[in-house]
Amino acid sequence: MFRSLFLARRSEEYIVKHYPENLMRTPMHMSMGQEFVPVGVCAALEGKADVFASYRSHAAFLAQTHDTDLFFSELYGRTSGTGEGKGGSMHLSAPEKGHLLSSGVVATQIPVAVGAAFANLRLKTGRTAVVFFGDGATDAGVFWESINAAALYRLPVLFVCEDNGYAVDTPRGAHHAAATTLAEAVRPFGCDAYEDDSADVESVYALARAAAEKAHRDRRPAFLDIKCCRYLEHVGIGTDWNWGYRDQAATERDWISRDALKLQRARLAEHQLGEAAIAAIEDEIDRAIEASVKRASQAPIPTPERLHAGVFHEKA
């Protein structure tokens, strides 16, 4: 899990550094600070997951696939990317590796995950459909329709809310009338609901593992409301403290001070893994990212005749 956390963080640190070069011509919705949520969940499902993600897709994609070649090729708009360089950051997809899609439209990935859960149940694959979304997506009617359908058809699907407390820059209290928590709101549908505010990847791992086992055993959907914090602005590579909708000092005190990556690195040291060994892991990942970026830079840019390819089903 440390490797996965570091991979997601370092990949985005590369983006922050090099995005101003204007060679990655795609909007960036950064996962920095929230990586521990998909890392913990995907690790718990041990590769037997069908992952669906939102436009904040980087950490979920890398947690499931660990494929920096596909990732950076897509960001750089190259044919070796997940969508031949045409999808960009918000539309990452690698079905052969269990990451079925990321969607740029709020909440649209949620019902697709319910369909995948239905297919997995009928086909007896033993796989778990898991969908990641922000708490702003719970404003969408399709979220509630999906919760209801999953409960009605008794589908083992994990609804994972990366709950950073804001819909862009609007706090939940300004757009949700209900006084109940999200977990309390979904339980009447017949959905098991869990909450976690630990900011700890190992806590999320244990929670997701238990939730998935119960979902399959009892044939009930599970809703995981995991509190987290995005360190950067809603879209872009900078900070947004000057907007004034959240307090920098409070965020640093309550969240950044207990950063999940730093905590996991400290745990490795506590388990008598020396600084040199930890640094070697980090160096290995840094070199993998550099190699992926180099390969991406050498790959072709999509040509105009490929503009509509992949939009509709094509016979092989």
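This text goes with the structure placed above it.
First, a word on scope: everything that follows refers to the structure included in this document. (Residues numbered from 1 in each chain as written. Predicted model: local features only at pLDDT ≥ 70, side-chain atom pairs only at ≥ 80, totals over all residues. Heavy atoms only, no water.)

Re the packing of aromatic side chains
Let me state the cut-off plainly: Here is the rule: rings of Phe, Tyr and Trp (six-membered ring for Trp) pair when centre to centre is within 6.5 Å. Planes less than 30 degrees apart are stacked, more than 60 are edge-to-face, and the remainder are tilted. Strands here mean DSSP runs of E at least two residues long; helices mean DSSP runs of H or I at least four residues long; both are numbered from the N terminus. Three labels apply to residues, based on accessible area from a 1.4 Å probe with only protein chains included: buried if under 20% of the type maximum, exposed if over 50%, partly exposed otherwise in between. Should the NZ of a Lys or the CZ of an Arg lie within 6 Å of a ring centre and within 35 degrees of the ring normal, that charge is described as sitting over the ring.
Following the criterion strictly, the structure yields 12 aromatic pairs and no others. Here F61 and F71 contribute two aromatic rings whose centre-to-centre distance is 6.3 Å and whose plane-to-plane angle is 25 degrees, an arrangement assigned as stacked. Of the two residues, F61 sits in helix 3 (residues 58-65) while F71 sits in helix 4 (residues 68-75), which places them 10 residues apart along the sequence. For the pair F61 and F71, a shared accessibility class is recorded, and that class is buried. Joined through ring pairs, the aromatic side chains of F133, F143, W144, F189 and F223 make up one cluster. When the ring centre of W255 is taken as origin, the NZ or CZ atom of R258, which lies over that ring, is 4.6 Å away.

A few points about the pairing of strand 3 (residues 128-134)
As a reminder, the rule being used: Strands are treated as partners if at least two bridges between them are detected by DSSP. Looking down the strands as they point away from you, a crossover is right-handed if its path from the first strand over the helix to the second goes clockwise.
The buried count for strand 3 comes to 6 of 7 residues, which makes it a mostly enclosed element. Bridge count for strand 1 (residues 49-53) against strand 3 is 4 bridges, and the pairing is parallel. Residue pairing in the sheet places F52 in a bridge with V131 of strand 3. Where strand 3 and strand 4 (residues 157-163) come together, 6 bridges link them in parallel fashion. The partner of A129 across the bridge, within strand 4, is V157. Handedness of the crossover joining strand 3 and strand 4 through helix 6 (residues 141-152): right-handed.

A few points about the nonpolar core
Taken as a class, soluble globular proteins show a tendency for nonpolar side chains to be buried jointly. Our working rule: Definition of nonpolar core: a set of buried residues of the types Ala, Val, Leu, Ile, Met, Phe, Trp, Tyr and Cys, connected through side-chain atoms within 4.5 Å. We call two residues contacting when some pair of their heavy atoms lies within 4.5 Å.
Among the nonpolar cores identified, the biggest contains 59 residues, and F36, F72, V130, F132, L158, V160 and L224 are the most heavily contacted of them. Apart from residues no more than four positions distant in its own chain, F72 is found in contact with S11, Y14, I15, I289, S292, V293 and A296. Listed in part, the 24 residues of the second largest apolar core include I110, A117, V131 and L155.

Nothing here speaks to function; it is all geometry.
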